Amino acid sequence: MDNIVDENSTDSDSSNDSDSESSSSGEDVNAQRDEIPGCDVGMSGTSTESHPLLLPHGRQWCKLETLSIDPLIGQRYHSNACFHWPNLVDQHQKTNADYFILFYPMRGLSNMLMCTNLNMARKNLPPLGKGEFIKYLGLRLAMTCEPKRGPIPVYWQVGDEPGSVYTGADFGGRFGMTRHRFQDITNCFSFTVPRDGVGADDDPWQDIRPFIEDFNLTRQKNIIPGCHLTVDECMSTWKGSDGEYVAEGMPHKTKIARKPEGVGAEMKALACGETGIILKLDMMEGREANRRKDFSQEYGEGTAVMLRLTKEYYGTGRVVHAESAFSSVKTLLALRERGLFFMGMIKTAHKEYPLAFLKSWANGDEEGGKPSRGNYCLLQTQSQHGLPFYALGWADRKVKTIISNVGSTNPGSISKRLRHRKELVGGVWETTRYYKEIQRPSMVEEFYSCFGIIDVHDHLRQGSLAMEREWYTHKWWHRVFTTIFGICLIDSYLAYKFDMEAVHNSPDDLNTYFGKLAYQLIHNNFLGQGMAMRNEDNGNPSGQAVKHHIPLPIKSLERYDGVTSQVQFVCTMCKRKSSYYCPGCSNTEIDYIRAICKPGNGRECFQNHIGLLKH
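In this text the structure is predicted, and so the values were computed from the model without any measurement.

## Overview of the overall build of the chain
Moving on, step 1. The secondary structure content of the chain amounts to 19 helices and 18 strands.
Moving on, step 2. For the chain, with 615 residues in total, the buried portion stands at 52%.
Moving on, step 3. Considering only intrachain contacts with a sequence separation of at least 6, the fraction spanning at least 24 residues in the chain is 67%.
Moving on, step 4. Of the roughly 28,100 Å² of accessible surface on the chain, a fraction of 49% belongs to carbon and sulfur atoms.

Dropping the structure here:
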């Protein structure tokens, strides 16, 4: 994790903050003393004005021996993370599916069903309902739990395989959904109104953007994070067509060689440092598109990403942790202006940061010689508003250079690393296991407490769950959906584990949890299990009649029972005859039928009708 550098961010802080060091003579430093940001006469610390490495890019730093009290302890956020449960959920008997429904973006489900059912109508297939879609998600999860994986037909095989230890999964007989219905849902699954190709002026990410926006809104509503936030990147693996060369390809692919799954769609993520739950996603859409996003023109990409991801938590006094791709003096100052504190690792974006001095100290070139492992060097400066912040070098195997405006240098817990050593005992080689113990200040301990929490999340999603390997698809937005669906599944487990550990109960392991969750989603008798499906648009249980804008045959109306001849009305859009109507816009109680041409017959009446409804 320490070695992460955002290789895709060519215009990030890492590139804006150049690697060059400004040098000034002692006379120039003294002459410009009043104009230099950083230490002033009243700040405590060792005077180091004559040291050129402590004046990087014109910012003066002073050396401190210790920082025994966190100067901002009273301004920091101190509450634990918690979840907002709906009233329909029994707080004392929450099921695995309750946790999943809490984190899945249900508020956009009605729109997704409408768009999917437009595709269903084009193929004269029965419409998809909420319960059936939840069952579909449960089957997708069940596929990852099966010992034998492969194409969709594998899971509907019945009986034993001759000459093999595998037994047919028989999803059709066990779970009540045919393979053809499952494939129909997969083929028609969509978040946007059907259209013929992507125009030059269209949003290239429109096939998945509604789902990402609903994901972010759901997290903002249903979880209050703890006092620490972490920023890092997530990858949605995609080895299919590239939108740069193929019209149906992914609009922008990122390639990061150092990652095990390093080709696909890159998303910057914000996570709760206490629970590990992902709070917000920001899709990386390509260089030009990223430059048009908020804060990019003013700050550059690295700081802009931080400001966009943490926007909902401005003024809360939380501490944001980040690796070197996002960390800089500029990032710290920008977050401090917005009521957030920062701890980050500095490597390449070291403008105004005394990186050269800390490396010189670690190499033993400064006064005192080479430091022993576990020692630290603390430097201090201040913003233009007189607010102090710190640069800390910690002597590990390689020096760790941290920037922070919170924390202290009081002794933290000892860092223990498991090591192995081969020894010859009585003429026989044996392996001795021992712990290497390294002292560290509490500032370093706090920084690393949730530094790699998104990496842990990625390992659970890509390694343990591995749904992206199971869901074969040629549609890039299905792959991004698979990634976000996997995030929701992992988050539901982390929330369940967080609650269980809070009451000192032992949680199920990941595989056991997913096995129970898949069963509950497939057999989704929500009302019977205290899990009433909610319509996020109006708060009503899904058991009530909810109208959808799905084209249905006019002859399906009760008044036309027994009628054998064709029934047609005038389409409200094109004024031609149509055999279909929109149930969401019709009112049979007052005898009003809104006729509309269904999609798939060369007419765009229904798509235009839906477009008017959205505006």
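## Observations concerning the layout of surface pockets
Moving on, step 1. One number sums up the size of the second largest pocket: a volume of about 440 Å³.
Moving on, step 2. In terms of lining residues, the second largest pocket is bounded by 20 residues, among which Glu 213, Asn 216, Lys 280, Leu 281 and Asp 282 are the most central.
Moving on, step 3. Counting only elements with at least two residues in the lining of the second largest pocket, the list comes to helix 8 (209–222), strand 7 (278–283) and helix 11 (301–309).
Moving on, step 4. Per-element tally for the lining of the second largest pocket: the top contributor is helix 8, with 6 residues.
Moving on, step 5. Its residues placed into classes, the lining of the second largest pocket shows 9 nonpolar, 2 polar and 9 charged.

## Remarks on the environment of Gly 176
Moving on, step 1. With respect to the helices and strands, the residue Gly 176 is situated in the loop between helix 6 (171–175) and helix 7 (179–188).
Moving on, step 2. Separated by 346 residues in sequence, Gly 176 and Ile 522 have C-alpha atoms that sit 9.0 Å apart.

## Concerning the pattern of salt bridges
Moving on, step 1. Following the criterion strictly, the structure yields 23 salt bridges and no others.
Moving on, step 2. Between Arg 461 and Glu 468 there is a salt bridge whose closest N-O contact spans 2.9 Å.
Moving on, step 3. Classification of Arg 461 as buried rests on a relative accessible area of 3%.
Moving on, step 4. The network of salt bridges with common partners includes Asp 203, Arg 209, Asp 282, Glu 285, Lys 293 and Arg 308.

## Focus: the packing of helix 3 (residues 96–103) against helix 18 (residues 510–522)
Moving on, step 1. Packing of helix 3 against helix 18 brings their axes to within 8 Å, and their N-to-C directions diverge by 80°. Our classification of the angle between helix 3 and helix 18 gives roughly perpendicular. For the pair formed by helix 3 and helix 18, the contact residues are Asn 96, Ala 97, Tyr 99 and Phe 100 on the first element and Tyr 513, Lys 516, Leu 517, Gln 520 and Leu 521 on the second.

## Looking at helix 7
Moving on, step 1. Along helix 7, the residues classified as buried are Arg 181, Phe 182, Ile 185, Thr 186 and Cys 188.
Moving on, step 2. The inward-facing, buried residues of helix 7 contact helix 4 (109–122), helix 5 (130–145) and helix 17 (476–502).

## Comments concerning the pairing of strand 10 (residues 376–382)
Moving on, step 1. Counting buried positions along strand 10 gives 6 out of 7 residues, so the element sits mostly inside the fold.
Moving on, step 2. Examined bridge by bridge, strand 10 and strand 11 (residues 388–395) share 7 bridges and lie antiparallel to one another. The residue of strand 11 that forms the bridge with Gln 380 is Tyr 390.
Moving on, step 3. Hairpin connection between strand 10 and strand 11: a loop of 5 residues separates the two successive antiparallel strands, and Gly 386 in this loop has a positive phi of roughly 85°.

## Some thoughts on the nonpolar core
Moving on, step 1. Counting 118 residues, the largest nonpolar core has Phe 100, Tyr 104, Phe 133, Ile 208 and Phe 481 as its most contacted members.
Moving on, step 2. If sequence neighbours within four positions are ignored, Ile 208 has contacts with Phe 191, Trp 476, Trp 477, Val 480 and Phe 481.
Moving on, step 3. Core analysis: the second largest hydrophobic core is formed by 18 residues, Leu 67, Phe 341, Val 406 and Phe 451 among them.

## Regarding the confidence of the model for the chain
The predicted structure's coordinates, where accompanied by low pLDDT, should not be read in detail.
Moving on, step 1. For the chain, per-residue confidence averages 83 on the pLDDT scale, and residues scoring 70 or more make up 84% of the total.
Moving on, step 2. With pLDDT under 50 throughout, residues 1–36 is counted as low confidence; its partners more than four residues away or in other chains account for 94 contacts.
Moving on, step 3. Predicted confidence for residues 526–547 stays below pLDDT 50, and this span has 43 contacts to residues more than four positions away or in other chains.

## Notes on helix 15 (residues 453–465)
Moving on, step 1. The terminal C-alpha atoms of helix 15 lie 17 Å apart, and with 13 residues this matches the ideal 18 Å at 1.5 Å per residue to within 8%.
Moving on, step 2. Along helix 15, the residues that are buried comprise Ile 453, Ile 454, Asp 455, His 457, Asp 458, Arg 461, Gln 462 and Leu 465.

## Thoughts on the environment of Gln 566
Moving on, step 1. Considering the arrangement of structural elements, one finds Gln 566 in the loop between strand 15 (552–553) and strand 16 (569–570).
Moving on, step 2. When neighbours within four sequence positions are excluded, Gln 566 is seen to be in contact with Lys 555 and Ser 579.
Moving on, step 3. Within polar-contact distance, the side chain of Gln 566 engages the side chain of Ser 579 at 3.1 Å.

## Let's talk about unusual backbone geometry
Moving on, step 1. A positive phi angle is found at Asn 124, which is not glycine, with a value near 55°.
Moving on, step 2. Along the polypeptide, Asn 124 turns up in the loop between helix 4 and helix 5.
Moving on, step 3. Residue Phe 295 is not a glycine yet carries a positive backbone phi of 75°.
Moving on, step 4. Within the fold, Phe 295 resides in the loop between helix 9 (287–291) and helix 10 (296–299).

## Some words on the packing of aromatic side chains
Moving on, step 1. Under the defined criterion, the tally for this structure stands at 33 aromatic pairs.
Moving on, step 2. Centroid distance Phe 447 to Tyr 448: 5.0 Å. Interplanar angle 70°. Geometry classified as edge-to-face.
Moving on, step 3. Seen in terms of ring centroids, Tyr 493 and Tyr 496 are 6.1 Å apart; in terms of plane orientation they differ by 40°. Their pairing is tilted. Linking Tyr 493 with Tyr 496, this pair stays in helix 17, spanning 3 residues, or about one helical turn.
Moving on, step 4. One cation-aromatic arrangement involves Arg 421 over Tyr 434; the distance from NZ or CZ to the ring centre is 4.4 Å.

## What to know about the pairing of strand 14 (residues 428–438)
Moving on, step 1. Pairing geometry for strand 13 (residues 415–425) and strand 14, over 11 bridges, is antiparallel. When the bridges of strand 14 are listed, Leu 424 appears paired with Trp 429.
Moving on, step 2. Connecting strand 13 to the next strand, strand 14, in antiparallel fashion are 2 residues, including Gly 426 with a positive phi near 60°.

## Considerations on the side chain of Thr 95
Moving on, step 1. Take Thr 95: it is sitting in the loop between strand 2 (82–83) and helix 3.
Moving on, step 2. Owing to a relative accessible area of 17%, Thr 95 belongs among the buried residues under this scheme.

Rules of the game
- Residues numbered from 1 in each chain as written.
- Predicted model: local features only at pLDDT ≥ 70, side-chain atom pairs only at ≥ 80, totals over all residues.
- Heavy atoms only, no water.
- Helix = DSSP H or I, 4+ residues; strand = E, 2+ residues; numbered from the N terminus.
- Buried < 20%, exposed > 50% of the residue type's maximum accessible area, 1.4 Å probe, protein only.
- Contact = heavy atoms within 4.5 Å.
- Areas by Shrake-Rupley, 256 points an atom, 1.4 Å probe, with all protein chains shown as cover.
- 1 Å grid on protein atoms, 1.4 Å probe; cavity = no way out; pocket = protein on both sides within 12 Å on 5 of 7 lines; lining within 4 Å.
- Points joined across faces, edges and corners; volume = space filled by probe spheres on them.
- Nonpolar A, V, L, I, M, F, W, Y, C, P; charged D, E, K, R; others polar.
- Salt bridge = Lys/Arg side-chain N within 4 Å of Asp/Glu carboxyl O.
- Axes fitted to C-alpha atoms, helices over the stretch in contact; angles between N-to-C directions.
- Parallel < 35°, antiparallel > 145°, perpendicular 65-115°, else oblique.
- Pairing = 2+ DSSP bridges.
- Core = buried A, V, L, I, M, F, W, Y, C linked by side-chain atoms within 4.5 Å.
- pLDDT = per-residue confidence, 0-100.
- Expected span 1.5 Å × (residues − 1).
- Polar contact = N/O pair within 3.5 Å; in protein donor to acceptor, adjacent residues only side chain to side chain.
- Phe/Tyr/Trp six-rings, centres within 6.5 Å; stacked < 30°, edge-to-face > 60°.
- Lys NZ or Arg CZ within 6 Å of the ring centre and 35° of its normal.

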